[in-house]
Amino acid sequence: MVDFNFNINSIFPQEVCLVRNDLIPAGYHGEASHASIRQQVATVLNVLGEASARAQGLKNAITSGNKMLNVENQTAYILVDKFGNNGMGSVVGLLKVGMKKLFLLDEFGKHREMIPQCVLD
């Protein structure tokens, strides 16, 4: 679980919240400016991306706020504990999915290019 110094519950309205490349969580109807919300969501994605990279033994994070801004076919699902961090909410985890170009071997050993839906982080 990751705690932040801002109110996670005010940003992510549901326990599982979808975020796309605009960095505005699905269902968000708060009063804060979209620029402020984007910055906080980017911070959450940056922290979770770094934690994921460490857990996978990677040199660089796969997920970040900046990277999410620059793709159109990826979706992050953020899991929130609404009661964590003294009622401000804690982020439990991240699942990022999207289309990814892959080169796979077919049954004859030939390389085939595919762009399937994948779990990315």
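Higher on the page you've got the structure.
**Looking at the overall build of the chain**
Phase 1 of the analysis: Within the chain, the regular secondary structure consists of three helices and six strands.
Phase 2 of the analysis: Reading the chain from its N end, one meets helices and strands in the order α-β-α-α-β-β-β-β-β.
Phase 3 of the analysis: For the chain, the spread of C-alpha atoms along the three principal axes comes to 55 × 30 × 20 Å.
Phase 4 of the analysis: Looking at the chain as a whole, 36% of its 121 residues qualify as buried.
Phase 5 of the analysis: Here the analysis covers contacts within the chain between residues at least 6 apart in sequence; of these, 48% occur between residues at least 24 apart.
Phase 6 of the analysis: Where the 11 positive side-chain charges of the chain centre and where its 11 negative ones centre are 8 Å apart.

**Regarding helix α2 (residues 34-56)**
Phase 1 of the analysis: The end-to-end C-alpha distance of α2 is 32 Å, a good match for the 33 Å that 23 residues give at a rise of 1.5 Å each.
Phase 2 of the analysis: Among the residues making up α2, those that are buried are Ile37, Val41, Ala42, Val44, Leu45, Leu48, Gly49, Ser52 and Ala53.
Phase 3 of the analysis: Contact partners of the buried residues in α2: α1 (8-11), β1 (16-19), α3 (65-69), β2 (74-81) and β3 (90-99).
Phase 4 of the analysis: Residue Gly57 follows α2 closely and has a positive phi angle near 70 degrees.

About the thresholds
- Residues numbered from 1 in each chain as written.
- Predicted model: local features only at pLDDT ≥ 70, side-chain atom pairs only at ≥ 80, totals over all residues.
- Heavy atoms only, no water.
- Helix = DSSP H or I, 4+ residues; strand = E, 2+ residues; numbered from the N terminus.
- Buried < 20%, exposed > 50% of the residue type's maximum accessible area, 1.4 Å probe, protein only.
- Contact = heavy atoms within 4.5 Å.
- Lys, Arg positive; Asp, Glu negative; His and termini not counted.
- Charge placed at Lys NZ, Arg CZ, Asp CG, Glu CD.
- Expected span 1.5 Å × (residues − 1).

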